[in-house]
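Below are the chains, spelled out letter by letter.
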Amino acid sequence: MPPPLLACLLFLLCLLGTARPWSAAAGTPRPAAAPKPRVFPLRARQVPAGSLPRPPSKLRFHHNVSLTVSLAVGTPPQNVTMVLDTGSELSWLLCAPSRQQGNASAAATARGGAASSFRPRASRTFAAVPCGSAHCSSRDLPAPPSCDGATRRCRVSLSYADGSASDGALATDVFAVGDAPPLRSAFGCMSSAYDSSPDGVATAGLLGMNRGALSFVSQASTRRFSYCISDRDDAGVLLLGHSDLPSFLPLNYTPLYQPALPLPYFDRVAYSVQLLGIRVGGKPLPIPASVLAPDHTGAGQTMVDSGTQFTFLLGDAYSALKAEFLKQTKPVLPALGDPNFAFQEAFDTCFRVPAGRPPPSARLPAVSLLFKGAEMSVAGDRLLYKVPGERRGGDAVWCLTFGNADMVPLTAYVIGHHHQMNLWVEYDLERGRVGLAPVKCDVASERLGLML
């Protein structure tokens, strides 16, 4: 029997798909090893309000919690922290002006930390994208790229939640992804400064992970990736690439949904699934199937979005959920009873909980989202969110983490990352499906040998 350390190493190699059976017979070639997935720590961080450019479909959050991953960009490499967003296409980095491209960011990179901006002039491999490039003709973005007539370089614009816009250059540079060869990828080199409020972590940009031509997934030719979002800040994990997951992660798959014809309000590059029903405490809600499906314009699709914090349901489905949740929680949780209050202008199913005490999470009914072949159950601490600074006498205010999309307004169902905690989520583009498996992320990371 091999020593314990060798046995552990062999198990890890098999687990990550890098070990393949081979024959020791003379003249029998050894099959080439499949590339192993690239592994990154995934962390939930509070990001300052106003610091993230968002298309109109994204809700503004005053205290936005985002998933962040650290990458190295440029030559020599600069460490940057980027928000992981499966609901966006174009990756972008905050690019420091020339006068700021030295001291602070260089010091952060030298220490091994992540800089809050990228310094393009410090990278030998940075290149602006010319107007004639195929990248400059993309039509998947909310605002298509434009051409600067004076420089003949491609420009991009991103919308902020407060209605302002950030203009920048479309550029390319090399991204280091694990031990794989550096990948040259297009991204937006944006010039807007970040909110410096002390309640958030500095991020240098956003990693667009949807199915559009300019997304990081498409440019890296990644046909499968997965992640697990932990309820602990430092125990999440992101896998880029193919990985045969072990038996303790039994994934249930639901197919990606795509209408046969283009529809004006259907986002064709989003990860859309078919929502078939909703249960509260095991009780199915009386919601007609037509309410949960896209209509003739494409409005009403259901998107899995790691770049949005909470989950949103369209009006009729939200009203049914609100009524049943209030009914089932009435014996254990007093409702706020304030028709004029809505947290973040979309969350109005709220409750009073004595200040300094947690809500009775274990006694709350689980909310289950039902898909074709899979189910997502939201229970316990993930059901309610404490509204910062909101009090009613001696009580704190807590709200249900499902929002009313009609109040935003949104024209889609959106499943946010808060409800993907302790859930292994796999995006399988080869087979057109999304896989789900409930799991404690810190335990899964340990068992995978990937504790980061």
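Residues numbered from 1 in each chain as written. Predicted model: local features only at pLDDT ≥ 70, side-chain atom pairs only at ≥ 80, totals over all residues. Heavy atoms only, no water.

For clarity, the threshold we go by: UniProt positions are given in the numbering used here, feature names are shortened, and annotations may be inferred rather than shown by experiment.
Per an unreviewed UniProt entry, the chain is named Peptidase A1 domain-containing protein, and its organism is Urochloa decumbens. Listed in UniProt under the heading Sequence similarities (unreviewed entry), the comment for the chain reads: "Belongs to the peptidase A1 family."

### Some remarks on the nonpolar core
Under the convention used in this document: Nonpolar cores were defined as sets of buried Ala, Val, Leu, Ile, Met, Phe, Trp, Tyr and Cys residues, with membership established by side-chain atoms within 4.5 Å. Throughout this description, buried means an accessible area under 20% of the type-specific maximum (1.4 Å probe, protein chains only), exposed means over 50%, and partly exposed covers the range between. The contact criterion used is simple: two residues touch if any of their non-hydrogen atoms lie within 4.5 Å.
In terms of nonpolar packing, the biggest core is built from 90 residues, with Phe216, Phe225, Leu384 and Tyr427 touching the most fellow members. The contact partners of Phe225, leaving out residues within four places of it in the chain, are Thr86, Met209, Val217, Leu238, Leu239, Leu240, Gly241, Tyr271, Val425, Glu426, Tyr427 and Leu429. Core analysis: the next-biggest nonpolar cluster, separate from the first, contains 13 residues, Cys136, Leu158, Leu170 and Ala186 among them.

### Quick word on the sheet that holds strand E19 (residues 350-354)
Note the threshold: Any two strands with at least two DSSP bridges between them are considered paired. Note on conventions: DSSP H or I runs of at least 4 residues are helices, E runs of at least 2 residues are strands, and numbering of each starts at the N terminus. Here the axes come from fitting lines to C-alpha atoms, over the contacting stretch only for helices, and the angles between their N-to-C directions go from 0 to 180 degrees.
The three strands lie next to each other as E19-E23-E22, forming an open sheet whose pairing is antiparallel. The sheet is open, and its two borders are formed by E19 and strand E22 (384-392), each paired with just one other strand. Mean inter-strand twist for the sheet, computed between neighbouring axes without regard to direction, equals 35°. In this sheet, strand E23 (residues 395-400) lies alongside E19 in antiparallel orientation, the contact comprising five bridges.

### Notes on the pairing of strand E15 (residues 275-280)
Pairing between E15 and strand E20 (residues 367-371): five bridges, direction antiparallel. Within E20, the residue paired with Val280 across the bridge is Val367. Bridge count for E15 against strand E16 (residues 283-284) is two bridges, and the pairing is antiparallel. Counted as the bridge partner of Val280 is Lys283 from E16. Following E15, the chain reverses through two residues before pairing antiparallel with E16; Gly281 in that reversal takes a positive phi of roughly 55°.

### Here's the deal with the pattern of salt bridges
To be explicit about the condition: A carboxyl oxygen of Asp or Glu within 4 Å of a side-chain nitrogen of Lys or Arg is what we treat as a salt bridge.
Per the counting criterion, the structure on display carries nine salt bridges. When the shortest N-O distance is used, the salt bridge between Arg224 and Asp428 registers 3.3 Å. Here Asp428 lies in strand E26 (residues 423-428) and Arg224 lies in strand E11 (residues 224-228), a separation of 204 residues in the sequence. In this structure, Arg224 and Asp428 share a single accessibility class: buried. Between Asp348 and Lys322 there is a salt bridge; the shortest N-O distance is 3.4 Å. Here Asp348, found in the loop between helix H5 (315-329) and E19, pairs with Lys322, found in helix H5; they are 26 residues apart in sequence, far enough to count as distant. Residue classification places Asp348 among the partly exposed residues on the basis of a relative accessible area of 23%.

### Considerations on the sheet that holds E15
Within the open sheet, the four strands sit side by side as E16-E15-E20-E21. Their pairing is antiparallel. On the outer flanks of this sheet lie E16 and strand E21 (374-378), each paired with one strand and no other.

### Some thoughts on H5
Inclusion rule: One less than the number of residues in a helix, times 1.5 Å, gives the span that helix is expected to have.
End to end, H5 covers 21 Å across 15 residues, agreeing with the expected 21 Å (1.5 Å per residue, within 8%). For H5, the complete set of buried residues consists of Gly315, Ala317, Tyr318, Ala320, Leu321, Glu324, Phe325 and Thr329.

### What to know about the confidence of the model for the chain
Convention followed: Scored between 0 and 100, pLDDT is the confidence that the predictor attaches to each residue.
Across the chain, pLDDT averages 81, with 76% of residues at or above 70. Overall, residues 1-33 carries pLDDT values under 50, and its contacts beyond four positions in sequence, including any with other chains, amount to 25 contacts. pLDDT under 50 marks residues 100-113. Its contacts with residues more than four places away, or in other chains, come to 20 contacts.

### A look at the environment of Glu426
This is how the line gets drawn: Under the rule applied, a polar contact is a pair of N or O atoms within 3.5 Å (in protein, one hydrogen donor and one hydrogen acceptor; residues adjacent in sequence only if both atoms are side-chain atoms).
The residue Glu426 is located in strand E26 in this model. Measuring from C-alpha to C-alpha, the distance between Glu426 and Leu436 comes to 6.6 Å, with 10 residues separating the pair along the chain. There is a polar contact of 2.7 Å between the side chain of Glu426 and the side chain of Tyr253.

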